[in-house]
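Observations on chain architecture
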Amino acid sequence: MTNTDKARNSAPGIRVPERPALAVPPRPRLHLLGSRFALMPSLWAWPLVLSVLLVAGVMVWLQAKEGADREAQRADMISDALSLEAQITNRLDEETNKLRALADVIQSRPLSQDAFARHALVLDGLRRFWVSVTWLGDDGRIMAHVPDDAMPAHDAARNIGDEVGMAGHLSVSLAGHEEHLGGMLVARYSAGALLRQKVPWWLASKYDIRLVDESDEVIAATVDGPRHPAQAWYRVSMTPSLPNAWLELASRERITPWWRTMPMALMGGFVVLLGIASVMLRKQMHSVSRAEEAWRTEAAWRSAMEDSLAVGIRARDMQGRLVYVNKTMADMVGYQPDELIGLMPPMPYWVPHELEQSMSRHLRNMAGKAPREGYESRWQHRDGTEVDVMVFEAPLVDAKGMQIGWMASVLNITERKHMEERERKQMETMAHNARLTMLGEVASTLAHELNQPLSAIASYNAGLLNALGARDDMDPPIMKALQRMGEQAAHAGRIVKRIREFLTRREPRREPCSIMGVIESGVSLLKRDLSRHDVRVHIQGDAHLPDVVADPVLIEQVVVNLVRNASDALSTQAGERHIHVSAAQAGRFVRVSVADNGPGLQGVRGDRLFAPFYSTKADGMGMGLAICRSIIELHYGVLDAEEAPERGAVFSFSLPIDVADPGADPADPADSTEEDA
Ligand code: ADP
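Residues numbered from 1 in each chain as written. Predicted model: local features only at pLDDT ≥ 70, side-chain atom pairs only at ≥ 80, totals over all residues. Heavy atoms only, no water.

Some points on the overall build of the chain
Filter applied, for reference: Every helix listed is a DSSP run of H or I at least four residues long, and every strand listed is a run of E at least two residues long, numbered separately from the N terminus. For each residue, the accessible area found with a 1.4 Å probe, counting protein chains only, is set against the maximum for its type, and the residue is called buried under 20%, exposed over 50%, and partly exposed in between. Note on contacts: a residue pair qualifies if any of its non-hydrogen atoms lie within 4.5 Å across the two residues. Accessible surface is estimated by sampling points in the Shrake-Rupley manner with a 1.4 Å probe; for residues, cover comes only from the protein chains shown.
If you tally the helices and strands in the chain, you get 19 helices and 20 strands. Here the chain holds 677 residues, and 39% of them are scored as buried. In the chain, the share of contacts with a sequence separation of at least 24, taken over all contacts with a separation of at least 6, comes to 63%. Surface accessibility of the chain: about 38800 Å² in total, with carbon and sulfur atoms responsible for 57%.

Considerations on the sheet that holds strand E15 (residues 536-541)
Applicable threshold: Here the rule is simple: two strands pair whenever DSSP picks up at least two bridges between them. Axis definition: a line fitted to C-alpha atoms, over the contacting stretch in the case of helices. Angles run 0 to 180 degrees between N-to-C directions.
One open sheet holds the 5 strands; their spatial order is E15-E17-E18-E20-E19, and the pairing between them is mixed. The open sheet has two edge strands with one neighbour each: E15 and strand E19 (639-643). The mean angle between the axes of side-by-side strands here comes to 15°, regardless of whether they run parallel or antiparallel. As judged from the 6 bridges shared by E15 and strand E17 (residues 578-586), these two strands associate in the parallel manner. From the neighbouring strand, glycine 541 faces E17, where its bridge partner is alanine 583.

Side note on the packing of aromatic side chains
Our working definition: Working definition: a ring pair exists when centres of Phe, Tyr or Trp rings (six-membered ring for Trp) sit within 6.5 Å. Plane angles under 30 degrees give stacked, over 60 give edge-to-face, the rest tilted.
Under the criterion given, the structure shown has 3 aromatic pairs. The interplanar angle of 20° and the centroid separation of 5.1 Å between the aromatic rings of phenylalanine 129 and tyrosine 189 together place this pair among those described as stacked. Highlighted residues: phenylalanine 129 in the loop between helix H5 (120-128) and strand E1 (130-137) and tyrosine 189 in strand E4 (residues 183-190), separated in sequence by 60 residues. For phenylalanine 129, a relative accessible area of 4% translates into the label buried. Given the relative accessible area of 0%, tyrosine 189 is considered buried.

Focus on the site of the ligand
Counted only if it meets this: It suffices for a single heavy atom of a residue to lie within 4 Å of a molecule or strand for the residue to be listed as near it. A 3.5 Å cut-off defines polar contacts: any pair of N or O atoms within that distance qualifies, except that in protein one atom must be a possible hydrogen donor and the other a possible acceptor, and neighbouring residues in sequence count only when both atoms are side-chain atoms. In this classification, Asp, Glu, Lys and Arg are treated as charged, Ala, Val, Leu, Ile, Met, Phe, Trp, Tyr, Cys and Pro as nonpolar, and every other residue, Gly included, as polar.
Near the ligand there are 18 residues, and of these Asn565, Ser615, Thr616, Lys617 and Leu625 occur at the shortest range. In this structure, an oxygen atom belonging to the ligand sits 3.0 Å away from a main-chain N or O atom of glycine 622. Taken by itself the ligand offers 540 Å² of open surface, and the protein chains cover 91% of this. Class assignment of the residues belonging to the shell around the ligand gives a composition of 9 nonpolar, 7 polar and 2 charged.

Points about helix H13 (residues 414-469)
Note the following rule: A helix's residues, less one, multiplied by 1.5 Å, set its expected span. Bend at a residue means the angle formed by two fitted axes: the first through the 7 residues ending at that position, the second through the 7 residues beginning there.
Taking 1.5 Å as the rise per residue, H13 with 56 residues should run 82 Å; its terminal C-alpha atoms sit 78 Å apart, in good agreement. The largest bend in H13 comes to about 30°, at asparagine 451, with the proline proline 453 one to four residues further on.

Some details on the nonpolar core
If you look at soluble globular proteins, the nonpolar side chains tend to sit buried side by side. Where we set the bar: Take the buried Ala, Val, Leu, Ile, Met, Phe, Trp, Tyr and Cys residues and link them wherever side-chain atoms come within 4.5 Å; each set so joined is a nonpolar core.
Of all hydrophobic cores here, the largest spans 46 residues; its most connected members are Ile515, Ile519, Ile555, Val563, Ile579 and Phe653. In terms of residue count, helix H17 (residues 552-570) provides more of this core than any other element does, 9 residues in total. Those residues in contact with isoleucine 515 that sit more than four places away from it in its chain are Leu545, Val548, Ile555, Ala583, Val590, Val592 and Leu655. In this structure, Ile88, Phe116, Trp135 and Leu185 belong to the second largest nonpolar core, which totals 42 residues.

Observations regarding the pairing of strand E13 (residues 403-412)
When strand E9 (residues 312-317) meets E13, the two strands line up antiparallel, connected through 6 bridges. Each bridged residue has a counterpart across the sheet, and for arginine 314 the counterpart in E13 is alanine 408. Where strand E12 (residues 386-397) meets E13, 9 bridges bridge the pair, whose relative direction is antiparallel. Residue pairing in the sheet places methionine 390 in a bridge with leucine 411 of E13. Linking E12 back to E13 in an antiparallel pair, the connection comprises 5 residues, with glycine 401 at a positive phi of about 85°.

Points about the side chain of serine 251
Turning to its location among the elements, serine 251 is positioned in strand E8 (residues 245-251). In this structure the side chain of serine 251 is engaged in a polar contact, spanning 2.9 Å, whose partner is the side chain of glutamine 73. Discounting residues that sit within four places of it in the chain, serine 251 has contacts with Gln73, Met77, Lys206, Tyr207, Gln231 and Ala232.

Re the environment of leucine 170
As for its position among the elements, leucine 170 is in strand E3 (residues 167-174). Leucine 170 sits in the buried class, given a relative accessible area of 4%. Taking the C-alpha atoms as reference points, leucine 170 and asparagine 97, separated by 73 residues in sequence, lie 9.9 Å from one another.

Digging into the pattern of salt bridges
Should their charged atoms come close, side chains of opposite charge can pair. Basically, it comes down to this: What makes a salt bridge here is a side-chain nitrogen of Lys or Arg within 4 Å of a carboxyl oxygen of Asp or Glu, nothing more.
Counted according to the given criterion, the structure contains 34 salt bridges. The partner of glutamate 393 in a salt bridge is arginine 316, and the shortest N-O contact between them spans 2.8 Å. Pair noted here: glutamate 393 is in strand E12 and arginine 316 is in strand E9, with a separation of 77 residues, a long-range link. The exposure classification of glutamate 393 matches that of arginine 316, with both residues buried. Residues arginine 591 and aspartate 640 are paired through a salt bridge, measuring 3.4 Å at the closest nitrogen-oxygen approach. Here arginine 591, found in strand E18 (residues 589-596), pairs with aspartate 640, found in strand E19; they are 49 residues apart in sequence, far enough to count as distant. Linked by salt bridges that have partners in common, Arg91, Glu95, Asp124, Arg127 and Arg128 make up one network.

These figures come from the coordinates and say nothing about function on their own.
Here's what the structure looks like:
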């Protein structure tokens, strides 16, 4: 178990199950939700359907209730009508009995008209109920009529009759005997008064009560006006107590049709509102599902983009816990994103022997002091290899603008680092080679320059020895010294000769090579210098350029030297800085030109430029062009310098082409120089 593993396992609560707000949303659940939506596309209609069912249920219930109410009302009405009919019949029977008692009186002793009018039974009847009493003789003559028209009771009775409708009659036959003839007693009574007296208040408040005849004419009624068509009613025949009359009860209590009840109105309104709400819900659900669809597409895009990014992305909360890593970041360190999310420092990808450094860097970053331009770091892949990374930290803010952590983009610069290292080593080797070449050239030049004076010394010394050797007075030690001097000069000459031989003996390792490849590799070595001086290099070559026979290392050195000289010349001037390196076939040679738009040669001739130790630079050695010329001449080519047609300088050299190359001219390059071509 590694230190980091141990630390992770021992630290309580490091594995945080809860996914922070930043983590990718739980897709499976959403898919489930999505499929549920797909299965029930009309989910929005469910409340409406259920409500309609409820309303239908309530309607059925109300209808049934209305039916039951009507039944109950009818039963009540029938029983009330029968009981009222019985009461009225009783009353009429009572009155008939009283009239019969009066008849008995008349039958028992004959009564004068006056006595009849004052008889207690007559007065009592009139006061109580009767409108008038008429005593008819058996021949139909009116024996007595009470009250007569002059009596106030008559007016009262007529008023009652007018007010409440038609009058009814009670009649009792008088049995005839010897003293008295037969006849009959007729008592007129007010049907309205009968109703008023016999109908209790509670019944009158419940029903409109009428007495009607066969042709529906109202005889008497507790209310004015005809029956309302909506009223429930019941009739019971009053025959025989009131022949051809009907007692009608019409319920005042109207049973409202079920569809006009308050619950129905409320339900109707409720369904309408629910309908509107459902339409709105449907719209809302559509827009939600469209938004969800868009969100899912966007999330898929985002995750695809994040996963395909070459840049690693890492988000941490304010405590430094990893809340998100993309696939690139996870791959960079050899873990799965799920294995990293939720971890707190020390991270498993920190280099074990650099834990302290990593922790202090982490604390610096958490304090918001990470360099804005990014910082380099080294991590360890799960397989143990080290990964160089460039990290750019930035604050992570939520929708409300609150900082909730740190977001970092991570670049894997391992390869770049390796390349830089390789480049550095190559430059070092080249610089070393250049130094050696320069040393060789210096030594060669010195040897060349010293050879002459040394030869002269040796000649003078030999001449002197010869001249002095002919004289006898010569001191032998002087002769000896002169001889030694000659020997030393000859020795020095031999050394110089040997050095020259050694330096000139080295033959370049000529081989067929692509001049374009050599140019590109030489220019790439100067990439940094060129970009530092803001110089743009354009390389141009014929498509089917034949290979040249050359030592690529030496020719690369020439290219580097010429391009660097051009870049140095350009660095002194403002404005655009261009170098054009081009290669083209010229007979049996390939001619390479390095042209710049710098200050140019300013009249200095080629011989002077190529001479050793000529330099116009403060720190220049003046050996570069001399070496270049030596190298080119070693390859049987020519190095030239001239002013560019517009401005700047053009340095060009030629190299023989490879005769074995199928595209090349088969002439032997060793036998000719460019001038021959
Ligand atoms: P060094 O680079 O050490 O000066 P070189 O032999 O390479 O030695 O160059 C000799 C001189 O030639 C330079 O100092 C410079 O004055 C001149 N020179 C070389 N290349 C160019 C160029 N492209 N434009 C103008 N002058 C140049």
